[in-house]
Amino acid sequence: MEKVLAPITFYNGRKMPIIGLGTWQSSPDEVEKAVDVALQAGYRHIDTAATYGNEAAIGRALQNWFESGKIKREDLFIVTKLPPVGNRAECVEKYLKKSLAALQLQYVDLYLIHYPVGLQELQDESFPKDKDGNILFDMNTDHISLWKAMEAQVDAGRALSIGLSNFSAEQIKRIWRSARVRPANLQVELHIYHQQRELRAFCRALDITIVSYFTLGSPRYYSYIENLGLDVSRIPKQHHLSDAVVLRIAQKHGKSTAQVLLRFVMQQGVAVIPKSTNPEHIQQNFDVFDFELSPEDMYSLEALDKGERGRQVNGAIFPGQENHPEYPWKYRY
Ligand SMILES: NC(=O)c1ccc[n+]([C@@H]2O[C@H](COP(=O)([O-])OP(=O)(O)OC[C@H]3O[C@@H](n4cnc5c(N)ncnc54)[C@H](OP(=O)(O)O)[C@@H]3O)[C@@H](O)[C@H]2O)c1
C-alpha cells in the first residue's frame, strides 16, 4: 500500500481528492476561516450542502483565494447537495442555481441528492413542520424523474458529476437502471463501527465511488439530536476517538486517533471529509500521508465493526420518515 494515496477516480475519468473538508455545523464565520486554513494546509476538496446554511461564506473564502491568484477554480473539487425540500424534478435547477450563486461558482464538481426522502417546500425552510412540530414529508418522491433533472444539470454544465447520499442499494439500483448519466459517487455514514461492507461491495460492482461521513464518529451528533428534543435512545453512544484499539494503533505510529480513523477508511479506497473549525485539527486531519496502517492494524480495526448497531444516522433525525415510501433504512444496506 502506497503511503501517498491517489485521488479517487470516477467512471467518467474525473478525479476527487481523497480528503475533503466537511462543513456541517460550521457557522458562516467559522467556515470562512476553516476553508482558508484548509486551503493553506493543502486541501483541495470542500463538502457542503444547501441545508448547511454556509455556502455563501464558503464562496467568499474561495473568491479571496481566486483573487489572490494562488489557486484556480480547476484546482478545486467542490461538492454541494440538493436539499430534501427540492426532491422534485422541477426544483433541481432552481436549487442548484441558488447554491452556485451563493458559492460564486459557475459549476460544482459533484452535485448530490442529499437524502432519498422528499420534504414539502414551505417558504424558505429547510425542514418544514406543521403547527404541532411534525416534519412535512412529500410522500410522492419519484427518484426516476428526479434523476433525469440531475442529468440535465450535467448537460447544462452546472455539475461535472452527479451522485447520491444516504441512498440504499435498492434505491441506487433503480436509478442506475434508468440512468443516462450514471451516479459517480455515494456519500454515506461509514466508520469503524459501521463499515458498510455490503454497500461497499455493491458500489464497487457498479463503479460508484464512496465518500465516508462521520469518519471520526461525529462526536457532537448525539447532543445535536438531544438538543432538537428527538429520541436519542435510537442513537448508539460510541466514542471513536477514544476507542482502546484505535488508541493502541495510534500510539504505535506516533499519530492521533483521528489520523488512524481517517487512514483506516482511506486505505480502503474511500474518501473522507472530516469536519473541523479548529485550525490544529484541520491541519492534523490532512497530515495522514506519511504513515501506513499494516495488514494487522487493518484486521484489528475491521473487527470493530458493529454492523447495523453502529449506525448513528437513522429514522431519529426526521421522526415519522419510516412511513415515507423512500425511507432508506428499511433495507439492510
Ligand atoms: N450526506 C450527509 O447526509 C451527511 C451527513 C453528515 C455529515 N456529512 C458531511 O460529512 C462531514 C463530516 O461529518 P461530521 O462533521 O458530522 O463528523 P466527523 O467529521 O466525524 O466529526 C467532526 C467532529 O470531530 C471533531 N474533530 C475534527 N477533527 C478532529 C481531531 N483531529 N481531533 C479531535 N476532534 C476532531 C470536530 O470538532 P472541531 O470542529 O472542534 O475540530 C467535530 O466536532 C460533515 O461536516 C458534512 O460535510 C454529510
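Participant: Hey, could you run me through the overall build of the protein chain in this one?
Facilitator: Within the protein chain one finds eleven helices and eleven strands. By the compact-globule yardstick of 20 Å for 333 residues, the protein chain fits well, its C-alpha radius of gyration being 19 Å. The buried share of the protein chain, reckoned over its 333 residues, is 54%. A separation of at least 24 residues holds for 74% of the contacts in the protein chain among residues at least 6 apart in sequence. Element-wise, carbon and sulfur atoms account for 50% of the exposed surface of the protein chain, whose accessible area totals about 14,300 Å². The distance from the centre of the 39 positive side-chain charges to the centre of the 40 negative ones in the protein chain is 3 Å.

Participant: Would you mind going over the sheet that holds strand β3 (residues 45-47) with me for this structure?
Facilitator: Sheets are built from strands paired through backbone hydrogen bonds, the pairs being either parallel or antiparallel. In space, the seven strands of this open sheet follow the order β3-β4-β5-β8-β9-β10-β11, with parallel pairing throughout. Sheet topology places β3 and β11 (271-272) at the edges, where each strand pairs with a single neighbour. Where strand β8 (residues 159-165) and strand β9 (residues 185-189) come together, three bridges link them in parallel fashion. Pairing of L164 across the sheet is with L186, part of β9.

Participant: Please explain the pairing of strand β10 (residues 209-213) as it appears in this structure.
Facilitator: Side-chain positions along a regular strand alternate between the two faces of the sheet. When you tally the buried positions in β10, you get five out of five residues, the bulk of the element. Here β10 shows no split at all, with T209, V211 and Y213 on one side and I210 and S212 on the other all buried. The pairing of β9 with β10 spans five bridges and is classified as parallel. Across the sheet, the residue bridging to Q187 is V211, located in β10. In terms of strand pairing, β10 meets β11 through two bridges, oriented parallel. Paired with S212 across the bridge in β11 is V272.

Participant: Just to check I follow, could you spell out the site of the ligand for this structure?
Facilitator: Residues in contact with the ligand amount to 29 residues; listed here are only the nearest, D47, S165, S218, S276 and H281. The contact in question runs from a nitrogen atom of the ligand to an N or O atom on the side chain of S165, over 2.8 Å. Between Q187 and the ligand, the recorded distance is 3.0 Å, taken from a side-chain N or O atom to a nitrogen atom. Contact with the protein chains removes 90% of the 910 Å² of surface that the ligand exposes when unbound. In terms of residue count, helix α10 (residues 279-286) provides more of the shell around the ligand than any other element does, three residues in total. Residues belonging to the shell around the ligand are distributed by class as follows: ten nonpolar, 15 polar and four charged.

Participant: What's the story with unusual backbone geometry in this structure? I'm lost.
Facilitator: Apart from glycine, the bulk of residues carry a negative phi angle, and the bulk of peptide bonds sit in the trans form. Located in the positive-phi region is Q104, a residue other than glycine, with phi close to 60°. In this structure, Q104 sits in the loop between α3 (92-103) and β5 (108-113). Residue Q104 is classed as partly exposed on the basis of its relative accessible area, which comes to 40%. Unusually for a residue other than glycine, D207 sits at a positive phi of about 60°. Summarising the element assignment, D207 is placed in the loop between α6 (197-205) and β10. With a relative accessible area of 38%, D207 lands in the partly exposed category.

Participant: What's the story with the pattern of salt bridges in this structure? I'm lost.
Facilitator: Where charged atoms from two side chains of opposite charge come close, those side chains can pair. Applying the stated rule across the entire model yields 19 salt bridges. With a shortest N-O distance of 3.5 Å, R158 and E93 are connected by a salt bridge. Placement of R158 in the loop between α4 (143-155) and β8 and of E93 in helix α3 is noted, with a sequence separation of 65 residues between them. Look at E93 and you get partly exposed, because its relative accessible area is 35%.

Participant: Where do I start with the environment of E93 in this structure?
Facilitator: For the pair formed by E93 and S233, sequence separation is 140 residues and the distance between their alpha carbons is 38 Å. If we ignore the near neighbours within four places in the chain, the residues touching E93 are Q153 and R158. Polar contacts involving the side chain of E93 include one to the side chain of K97, which spans 2.8 Å.

Participant: Sorry if this is basic, but what is going on with the packing of helix α2 (residues 55-68) against α3 here?
Facilitator: In contact at an axis separation of 6 Å, α2 and α3 are set at 45° when each is read in the N-to-C sense. By the criterion of interaxial angle, the relationship of α2 to α3 is oblique. Seen from α2, the contacting residues are E55, A56, I58 and G59; seen from α3, they are S99, A102 and L103. Among the residues making up the contact of α2 with α3, the classes are represented as four nonpolar, two polar and one charged.

Participant: Could you clarify how one ought to interpret the packing of aromatic side chains in this entry?
Facilitator: The relative placement of two aromatic rings is captured by the distance of their centres and the angle of their planes. Inspection of every chain in the model, using the stated rule, returns eleven aromatic pairs. Members of the aromatic cluster, connected to one another through ring pairs, are W24, Y213, F214, Y221 and Y224. When the ring centre of W65 is taken as origin, the NZ or CZ atom of K70, which lies over that ring, is 4.4 Å away. In this structure, R263 is placed above the aromatic ring of F291, and the distance from its NZ or CZ to the ring centre is 5.7 Å.

Rules of the game
- Residues numbered from 1 in each chain as written.
- Predicted model: local features only at pLDDT ≥ 70, side-chain atom pairs only at ≥ 80, totals over all residues.
- Heavy atoms only, no water.
- Helix = DSSP H or I, 4+ residues; strand = E, 2+ residues; numbered from the N terminus.
- Rg over C-alpha atoms; globule rule 2.2 N^0.38 Å.
- Buried < 20%, exposed > 50% of the residue type's maximum accessible area, 1.4 Å probe, protein only.
- Contact = heavy atoms within 4.5 Å.
- Areas by Shrake-Rupley, 256 points an atom, 1.4 Å probe, with all protein chains shown as cover.
- Lys, Arg positive; Asp, Glu negative; His and termini not counted.
- Charge placed at Lys NZ, Arg CZ, Asp CG, Glu CD.
- Pairing = 2+ DSSP bridges.
- Near = heavy atom within 4 Å.
- Polar contact = N/O pair within 3.5 Å; in protein donor to acceptor, adjacent residues only side chain to side chain.
- Nonpolar A, V, L, I, M, F, W, Y, C, P; charged D, E, K, R; others polar.
- Salt bridge = Lys/Arg side-chain N within 4 Å of Asp/Glu carboxyl O.
- Axes fitted to C-alpha atoms, helices over the stretch in contact; angles between N-to-C directions.
- Parallel < 35°, antiparallel > 145°, perpendicular 65-115°, else oblique.
- Phe/Tyr/Trp six-rings, centres within 6.5 Å; stacked < 30°, edge-to-face > 60°.
- Lys NZ or Arg CZ within 6 Å of the ring centre and 35° of its normal.

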